[in-house]
Amino acid sequence: MSGVETLADIARESVVPKARRKVMGGTDQRLGPSGSDPKYDLYHFGFSICSHKVRAVLGEIKVPWLSLELEPGAHENYKPDYVRLRLASRAAQAAEFATGWEGGSSVAQAGFDALVVPTLVDRDRGEVVADSLAICTYLARHETGAIDLIPEDLATEIAAEVDAVDQTPHVALLYGPNPDGDGRALIFRLTFKGEHVKKAAAVRREAAKVAGQDGRLDAAYAAKIEKEKAGSAFVAAPERMRAAIAETDRVIAAFSERLGLTNGPWALGVDYTLADVFWGVSLFRLEFLGYGWLYRGRSDRAALAAYADRAFARPSLAYAVARWPSHPWARPVAHLMRPPGLKDRVMGFGSHTPKTAAA
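Residues numbered from 1 in each chain as written. Predicted model: local features only at pLDDT ≥ 70, side-chain atom pairs only at ≥ 80, totals over all residues. Heavy atoms only, no water.

Trainee: With reference to specific residues and values, describe the overall build of the protein.
Mentor: Within the protein one finds 16 helices and 5 strands. For the protein, the C-alpha radius of gyration of 20 Å lies close to 21 Å, the compact-globule estimate for 359 residues. Seen along its three principal axes, the alpha-carbon backbone of the protein occupies a region of about 60 × 45 × 40 Å. Buried residues in the protein amount to 55% of all 359 residues. Considering only intrachain contacts with a sequence separation of at least 6, the fraction spanning at least 24 residues in the protein is 74%. Summed over all atoms, the accessible surface of the protein reaches about 14800 Å², with 54% contributed by carbon and sulfur. The protein carries 45 positive and 44 negative side-chain charges, and their two centres are separated by 7 Å. (Helix = DSSP H or I, 4+ residues; strand = E, 2+ residues; numbered from the N terminus. Rg over C-alpha atoms; globule rule 2.2 N^0.38 Å. Buried < 20%, exposed > 50% of the residue type's maximum accessible area, 1.4 Å probe, protein only. Contact = heavy atoms within 4.5 Å. Areas by Shrake-Rupley, 256 points an atom, 1.4 Å probe, with all protein chains shown as cover. Lys, Arg positive; Asp, Glu negative; His and termini not counted. Charge placed at Lys NZ, Arg CZ, Asp CG, Glu CD.)

Here it is in structure tokens:
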């Protein structure tokens, strides 16, 4: 058994209860072939934009995979066995640990965080792949039977579009309030106050269990604590949140202009590509959080609104995001989601009134 296989087996057994390990396939949450042993393990959260991207790609390529959905409230992604698994990835070897926080999730921009999701294990190749961009690219390159998401003649353009989405400060928009009118659901407004402080405390608890056993593991935990401190300062600063919203608006405006130059329904023309996976997920998250006013109801961005509707109608997006069983409900995208349950109503999802026009 290889080192990767050992780490993968240990993580699977110690981090995710057996009841939450499910073989998935297709785009309707059905199980894969009976008795199948998929080559891909995916550690993910139900409500993680980076997990959304990977699940949407899996929905497009239509291969069976083992869902190892973690519980964010239980901080299962901070467990040492999971962190050790991520540290075996190429991304962990190639990048410095992330200690700052600028509101995004890009490894290229912020550095490597060993305590987040998603993480993919390719059991056939003995490979651990961390970082959503790396995972999506890996899957698109190795699984082209159902669809080629990175056709060679569009590879450069796809990389540019994917990078634009990856640099968008989605994490800031989730954890921080809009100082000029918070459009997030009530539950986010309430529970995310002081969230970074709570996360740092949870990291300290896990780090203390293994302190001194492995220098690189200690460094990963220490970096995460510094990152959460930086995140706490960021979301508490109105000027930084305004800058994050302005940057999102700039990214949206630039993409809207590029859409006007295409000769097809998708980001780069006729073919649906990885660029459309990323943009569909990004636009859905913006609407979910009450930022649909960035392009809805605007004549100068009408093409972008129409593009979003096409992207949202893609079965893979419903599979990966909108109708994923553990994804919370929200009024702005209610027509795309499952009906709200009692828990959704009690917790205040969808109770907000989103802004309707750009400032």
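Trainee: Got a sec to walk through the nonpolar core? Specific residues and values, please.
Mentor: Counting 82 residues, the largest nonpolar core has Leu274, Leu283, Phe284 and Tyr307 as its most contacted members. Broken down by element, this core gets its largest block of residues, 10 residues, from helix H13 (residues 274–288). Contact partners of Leu283, with chain neighbours within four places excluded, come to Ile252, Tyr295, Leu304, Tyr307, Ala308 and Phe312. Among the nonpolar cores identified, the runner-up in size contains 20 residues, and Ala114, Ala130, Val203 and Ala207 belong to it. (Core = buried A, V, L, I, M, F, W, Y, C linked by side-chain atoms within 4.5 Å.)

Trainee: A description of the packing of helix H1 (residues 3–15) against helix H3 (residues 80–87) should follow, citing residues and the corresponding values.
Mentor: How two helices sit against one another is set out by the angle between their axes and by the gap between those axes. Running from amino to carboxyl end, H1 crosses H3 at an angle of 150 degrees, the nearest separation of the two axes being 8 Å. The angle between the axes of H1 and H3 places the two elements in the roughly antiparallel class. As H1 runs across H3, the sense of the crossing is left-handed. Contacts between H1 and H3 pair Leu7, Ala8, Ile10, Ala11, Ser14 and Val15 from the former with Asp81, Tyr82, Arg84 and Leu85 from the latter. (Axes fitted to C-alpha atoms, helices over the stretch in contact; angles between N-to-C directions. Parallel < 35°, antiparallel > 145°, perpendicular 65-115°, else oblique. Left-handed = near helix turned anticlockwise from the far one by under 90°.)

Trainee: I'd love a proper account of the sheet that holds strand S3 (residues 65–69), names of residues and values included.
Mentor: Pairing between the strands of a sheet is mediated by backbone hydrogen bonds and can be parallel or antiparallel. One open sheet accounts for 5 strands, arranged S1-S3-S2-S4-S5; its pairing is mixed. Lying at the two open borders of the sheet, with one neighbouring strand each, are strand S1 (21–24) and strand S5 (127–130). For this sheet, the mean inter-axis angle between neighbouring strands, taken without regard to orientation, is 20 degrees. Across 4 bridges, strand S2 (residues 40–44) lies against strand S4 (residues 119–122) in antiparallel orientation. Counterpart to Tyr43 in the pairing with S4 is Thr119. Sitting on the sheet, H1 is in contact with S1, S2, S3, S4 and S5, with an inclination near 50 degrees to S2. (Pairing = 2+ DSSP bridges.)

Trainee: Can you lay out the packing of aromatic side chains for me, pointing to particular residues and giving the numbers?
Mentor: Summed over all chains, the structure comprises 15 aromatic pairs. An aromatic cluster of three or more residues is present, and its members are Phe47, Tyr175, Phe188, Phe192 and Phe288. (Phe/Tyr/Trp six-rings, centres within 6.5 Å; stacked < 30°, edge-to-face > 60°.)

Trainee: Give me the lowdown on the pattern of salt bridges, citing residues and values where you can.
Mentor: Summed over all chains, the structure comprises 28 salt bridges. Between Lys209 and Glu206 there is a salt bridge, with its nearest N and O atoms 3.1 Å apart. Of this pair, Lys209 and Glu206 both sit in helix H10 (residues 195–210), 3 residues apart, which is roughly one turn of that helix. Residue classification places Lys209 among the exposed residues on the basis of a relative accessible area of 56%. You can call Glu206 buried: its relative accessible area is 12%. The closest approach of N and O atoms between Glu228 and Lys224, which form a salt bridge, is 3.1 Å. Separated by 4 residues within a single helix, Glu228 and Lys224 lie in helix H11 (residues 215–235), roughly one turn from each other. Accessibility assignment for this pair places Glu228 and Lys224 in one class, buried. (Salt bridge = Lys/Arg side-chain N within 4 Å of Asp/Glu carboxyl O.)

Trainee: Could you give an account of the environment of Ala330, with specific residues and numbers?
Mentor: Relative to the elements of secondary structure, Ala330 occurs in the loop between helix H15 (315–322) and helix H16 (342–347). On the accessibility criterion, Ala330 (0% relative accessible area) is buried.

Trainee: An account of the side chain of Thr248 is needed here, citing residue identities and associated values.
Mentor: Inspection of the secondary structure puts Thr248 in helix H12 (residues 238–259). Apart from residues lying up to four places away in sequence, Thr248 is in contact with Thr168, Pro169, Leu173, Leu286 and Leu294.

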